[in-house]
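Observations on the three-dimensional arrangement
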Amino acid sequence: MIGLGLRLVISGGREAVTRLVVLAVAVGLGVGLLLTVVAATNAVSTWNNRHAWFVTGTAFVSPGPATAGIAPLWWHPAGDTFDSQNIYRFDVAATGTSSPVPPGIPRDPGPGQYYASPALAALAALLRSTPADQLADRYPGRLAGVIGDAALPSPNSLVIIIGHTPAQLVGTPDSVQVTSIAAAAPFSAGDRPVNPKGLNYTPAVGGIQSSGIDLVLSVVALAMLAPVLIFIATATRLSAARREQRFAAMRLVGATRRQVSLLAATESTAAAVLGVAAGFGIFFGLRAPVAGIPFLGEPFFPAEMALSLPDILAVAIGVPVAAAVAARLALRRVHISPLGVARRTTPRPPRAWRVLPLLAGLAELGFFVVHGTPASVGGEVQALLSGFLLIIVGLIIAGPWLTMAAARVMASRTSRPGALIAARRLADDPRAAFRAVSGLVLALFITTVAVVGITTQDAKNGTQFATPAAAAVVTDQVAASGDFTSPQEPAGAGAGPAAPAAPLAARLRGIPGVQGVVVVRADPRLTIPGTFHNLGTYPGGSSPVPAGVISCAQLATVPALGRCPAGATAAAFPEDGFDGPLDGTTSAGITWPAANIPASRLDRLGVDAINVGTNGSGPAVEQAKTVLENAPAYAAPGGPSTLGDLITQNNSSDDAYRQLANTVILVSLPIAGCTLAAAVAAGLADRKRPFSLLRLTGARLATLRRVVALESAVPLLAVAAVAIGTGFGAAAEFASVAQHYPMAAPGLAYYLITAGGILVSLGVIAATFPLLARITGPEVARND
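We now turn to the structure provided with this report. From a predicted model like this one, the values you see are computed outputs, not experimental measurements. (Residues numbered from 1 in each chain as written. Predicted model: local features only at pLDDT ≥ 70, side-chain atom pairs only at ≥ 80, totals over all residues. Heavy atoms only, no water.)

What follows covers the pairing of strand E7 (residues 474-477). Two faces belong to every sheet, and in a regular strand the side chains alternate between them. Covered by surrounding structure in E7 are Val474 and Asp476 together with Thr475 and Gln477, the residues of both alternating faces. For E7 and strand E14 (residues 607-614), the ladder comprises 4 bridges, and the chain directions are antiparallel. Note on E14: the bridge partner recorded for Gln477 is Ala609. Across 2 bridges, E7 lies against strand E15 (residues 641-642) in antiparallel orientation. Of the residues in E15, the one forming a bridge with Thr475 is Ser641. (Buried < 20%, exposed > 50% of the residue type's maximum accessible area, 1.4 Å probe, protein only. Helix = DSSP H or I, 4+ residues; strand = E, 2+ residues; numbered from the N terminus. Pairing = 2+ DSSP bridges.)

Read from one edge to the other, the open sheet built from 6 strands follows the order E4-E3-E5-E2-E1-E6, with strand pairing classed as mixed. The sheet terminates laterally at strand E4 (142-146) and strand E6 (176-178), the two strands that pair on one side only. Strand after strand, the sheet turns through a mean of 35 degrees between neighbouring axes, direction not considered. Two strands pair when backbone bridges link them, and strand E1 (residues 73-82) and E6 are joined in this way by 3 bridges, in the antiparallel orientation. Its bridge partner lying in E6, Trp75 is registered against Val176. Sheet contacts for helix H20 (residues 618-629): E1 and strand E2 (85-94); angle to E1, the most-contacted strand, approximately 165 degrees. (Axes fitted to C-alpha atoms, helices over the stretch in contact; angles between N-to-C directions. Contact = heavy atoms within 4.5 Å.)

The subject of this paragraph is the pattern of salt bridges. Summed over the entire model, instances satisfying the criterion amount to 7 salt bridges. Here Arg89 ties to Asp91 by a salt bridge, and the two come within 3.0 Å at their closest N and O atoms. Across this residue pair, the class does not change: Arg89 and Asp91 are buried. Notably, a salt bridge pairs Glu629 with Arg89, separated by 2.8 Å at the nearest N-O pair. Residue Glu629 is located in helix H20, and its partner Arg89 is located in strand E2; the two are separated by 540 residues in the primary sequence. (Salt bridge = Lys/Arg side-chain N within 4 Å of Asp/Glu carboxyl O.)

It is worth spelling out the environment of Leu222 at this point. Within the fold, Leu222 resides in helix H6 (residues 210-236). For the pair Leu222 and Phe388, spaced 166 residues apart in sequence, the C-alpha separation works out to 8.5 Å. Residue contacts for Leu222: discarding those within four places in its chain leaves Leu385, Phe388, Leu389 and Ile392.

Here the focus is the packing of helix H14 (residues 417-428) against helix H24 (residues 701-739). Relative to each other, H14 and H24 sit at 45 degrees, their axes nearing to 8 Å. Taken as axis vectors, H14 and H24 run oblique relative to one another. Like other packed secondary-structure pairs, H14 and H24 cross with a definite hand, here right-handed. Of the residues in H24, those in contact with Gly418, Ala419, Ile421, Ala422, Arg425 and Leu426 of H14 are Thr703, Val707, Leu710, Glu711, Val714 and Pro715. Residue classes in the contact of H14 with H24 are distributed as 8 nonpolar, 2 polar and 2 charged. (Parallel < 35°, antiparallel > 145°, perpendicular 65-115°, else oblique. Left-handed = near helix turned anticlockwise from the far one by under 90°. Nonpolar A, V, L, I, M, F, W, Y, C, P; charged D, E, K, R; others polar.)

Moving on to the state of the cysteines. As enumerated under the stated definition, the model contains 1 disulfide in all. With its sulfur 2.1 Å from that of its partner, Cys552 forms a disulfide with Cys564. Because the torsion about its S-S bond is -100 degrees, the bridge between Cys552 and Cys564 counts as left-handed. Of this pair, Cys552 sits in helix H18 (residues 552-555) while Cys564 sits in the loop between H18 and strand E13 (570-574), and the two are 12 residues apart along the sequence. The buried category is assigned to Cys552, whose relative accessible area is 11%. (Disulfide = S-S within 2.5 Å.)

Take the packing of aromatic side chains next. Considering all chains together, one arrives at 13 aromatic pairs under this definition. With centroids separated by 6.4 Å and ring planes inclined at 75 degrees, the aromatic side chains of Trp53 and Trp75 adopt a geometry described as edge-to-face. Of this pair, Trp53 sits in the loop between helix H2 (13-49) and E1 while Trp75 sits in strand E1; the two residues are 22 residues apart in sequence, bridging distant segments of the chain. Assessed through its relative accessible area of 0%, Trp75 is described here as buried. Where Phe388 meets Phe734, the ring centres are 5.9 Å apart and the plane angle is 65 degrees; that geometry is what we call edge-to-face. (Phe/Tyr/Trp six-rings, centres within 6.5 Å; stacked < 30°, edge-to-face > 60°.)

Mapped onto the fold, Arg416 is located in the loop between helix H13 (377-412) and H14. When the C-alpha positions of Arg416 and Thr703 are compared, they lie 9.4 Å apart, and in sequence the two are 287 residues distant.

Right under this line is the structure:
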């Protein structure tokens, strides 16, 4: 029977070959998209893990005890920026030949040597063409080699490892001795410091918290895979009605159930195997272009768009097996009543119990809202993922019943022939009608959850921005804030020495484009009330803000940082500055409290921070950074940066999540459109004989177009309303459980996306109208 099935597929005439090609192409597109989504998910995980070694020597990773036979490595992580691009800088000094070696390089760089990533090494021409005081002077020595791709998150990553002598790093603030390089993904639950009112002025370690990446990838993978799987399922059911009639005819002339099942499975499996082969070809064609898309703000290495052996086997075996099973299930009516299929009897209507899985999914998420999720990260992922999976499955199961209910409402409220015919057809077979729009319904649910989730995250974190004048201020936060390198070190510790600050400030003021320099002097006794401009407020109270002191004469030259009271010579200024309560948006309007400290005494105080006001030009900004980086007495954990760069770093995690959400939306909606187009066109092909009979009885083509439009638009709009409402409910529960923040309403863009998606879908339906005229001619009405 398998041989007969293959002969029927290949030698069954033009219709059989066309059906095979269409099925193979549709399955191929679906499999190609499926493989691309899986590979992209793997690439995101790899990208995140590549940041692991960046946290070596920070508060996130313990330096570890001394290990026999391993010479410690002096390690000083620092951040840097050039032309608004983040540079990951690591100053190291080996104490012996057995010192640990960072990944991607053959050995630790010696004094006067450095290893650079390919992207940073490619800037060698820029180093030569750019004045040395803007960039090259920051990196002493010569290029010893290029850091390998295996150590880099992205081909665009700018990373440099600079060698020193141990004596050069021993006295450098925040340098530590390490006996191993971190290999675990950055951060664990609750590790990364959260500063709700200010900027995290720390070395940029990149990546997403490991506590969040599992949950994010699980939800994203589910959201992207579901529309693709629906598309594949729709593709495997192309010409389903026609096949059902052929197999029913075989049953009526004596074929057994087993023989018909084997023939159907052979036909579907042959098309699926061809589609899977084509899908792998499509995946390899899409691999490099998709890797170049900056889903997380950076492109991936094409090699990281990889599939594991289980991924390959699951698709290569699973899709043909699923096609065979689907073909077997599609023959249920043929097995039970082949005569009923031949006479096109009406199937049983769906029952109201179909809404129970959808309600159960919402109830599961509601349970976790009340009782909380399991304490472990894996438990939270499983709890939330199962709830969303149940909701998605519930929407698919409930869709036919909702379609039937909408059809009955339409039938009770209309008397137009086209609407009555559409209502009757919808009520007769709501499963087939909903199947055509199921992909779009699911895409609208996913879009709602994604947009509301990102809007809530933005509201929670308070996405920051800076005025142009504030964004151009270069800040060097010298004093340790106690939130990154040394958690045990009290706030205010680590102030720089007093003496070199004056000549350094004079040198900075001599740079063309520098408008002024504000030196924040250390005074451990000085504080600012927490209620002052809400700088020290937090949910449930407030606390005093540790402050330094600034010269009012200097502050007048950098108005973006605020002003002094009239007649004052010195004022209190937050010790942590833009690492603490300031965000670059409100400081210009603040009148800082006067400080009772004589101006003559300021130069004898230590230095908490140095802020340089510039005109925003590239040479002025980069020269100021270079001068500050080459002042070792005022080395800052994150290096000098403009406030604009700091805000970009601070918003980077939210930007990454937003990019993933946009990707989910941009993937799910087009796939849903393809599913809708394929299903509507296939539905027309399956119903061409009934429509041609209607035309022979006098029905106008306009009436048939109205029937087709209503058959797709009614289930689309009815179930879409439920899906959108469910999306808001699920997003609200997710916000409470995972984001720990009340749901924030989306902006106008969401409603435009939703309305645009529905309008485009209606346009896709209208695009099939020309096909209707061609397939409903009188010759189609003949008996086969």
